[in-house]
Amino acid sequence: QVQLIESGGGLVQAGGSLRLVCATPGPTFSSFAMGWFRQGSGKEREFVAAITWNGANTYYADSVKGRFTISRDNAKNTVYLQMNNLQPEDTAAYYCAADTPPYGDIGSPRSYDYWGQGTQVTVSS
């Protein structure tokens, strides 16, 4: 079983920044594709960003392109989501997820095998 531990959420004013962190113990992190998803109140879970196992490729939802950056440090078993210029519509619970080989559709929640518990991000106007 893979445990994903998220941190870094909080309350921020519009235009502010937060960095989410997702860490996992164990030796297999470097083989995982990693993704961030979010779910607002009363909404379905939606794709935010993803990164391939080696960090060579990153993917973003159109709504966050140019504002959010996903990165990873395989030596630290950690993936990050830097969120800049946050807006009220970014308010949601954010979840990190791990996709083990063979990899699926990196933008689909159904492709991911393990999920964190979520961290709340609230952006005030």
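Refer to the structure printed above.
Reference entry: report on the structure contained in this document. (Residues numbered from 1 in each chain as written. Predicted model: local features only at pLDDT ≥ 70, side-chain atom pairs only at ≥ 80, totals over all residues. Heavy atoms only, no water.)

Observations concerning the sheet that holds strand β8 (residues 78-83)
Formally: By this definition, two strands are paired if DSSP reports at least two bridges between them. The secondary structure listing takes helices from DSSP runs of H or I that are at least 4 residues long and strands from runs of E that are at least 2 residues long, numbered from the N terminus. Note on geometry: axes are C-alpha line fits, over the in-contact stretch for helices, and angles between N-to-C directions span 0 to 180 degrees.
Taking strand neighbours across the sheet as the criterion, the 4 strands line up as β1-β3-β8-β7 in an open arrangement whose pairing is antiparallel. Where the open sheet ends on each side, the last strands, each with one partner, are β1 (5-7) and β7 (68-73). Pairs of neighbouring strands in the sheet enclose a mean axial angle of 15°, with direction left out of account. Examined bridge by bridge, strand β3 (residues 18-23) and β8 share 6 bridges and lie antiparallel to one another. Among the inter-strand pairings, R19 is bridged to a residue of β8, identified as Q82.

Things to note about the state of the cysteines
Threshold: A pair of sulfur atoms, both from cysteines and within 2.5 Å, is called a disulfide here.
All chains considered together, the criterion is met by 1 disulfide. Two residues, C22 and C96, share a disulfide whose sulfurs are 2.0 Å apart. Across the disulfide from C22 to C96, rotation about the S-S bond amounts to roughly 45°, and the bridge is consequently right-handed. Of this pair, C22 sits in strand β3 while C96 is found in strand β9 (residues 92-99), placing the two residues 74 residues apart along the sequence.

Geometric values such as these leave the question of function open.
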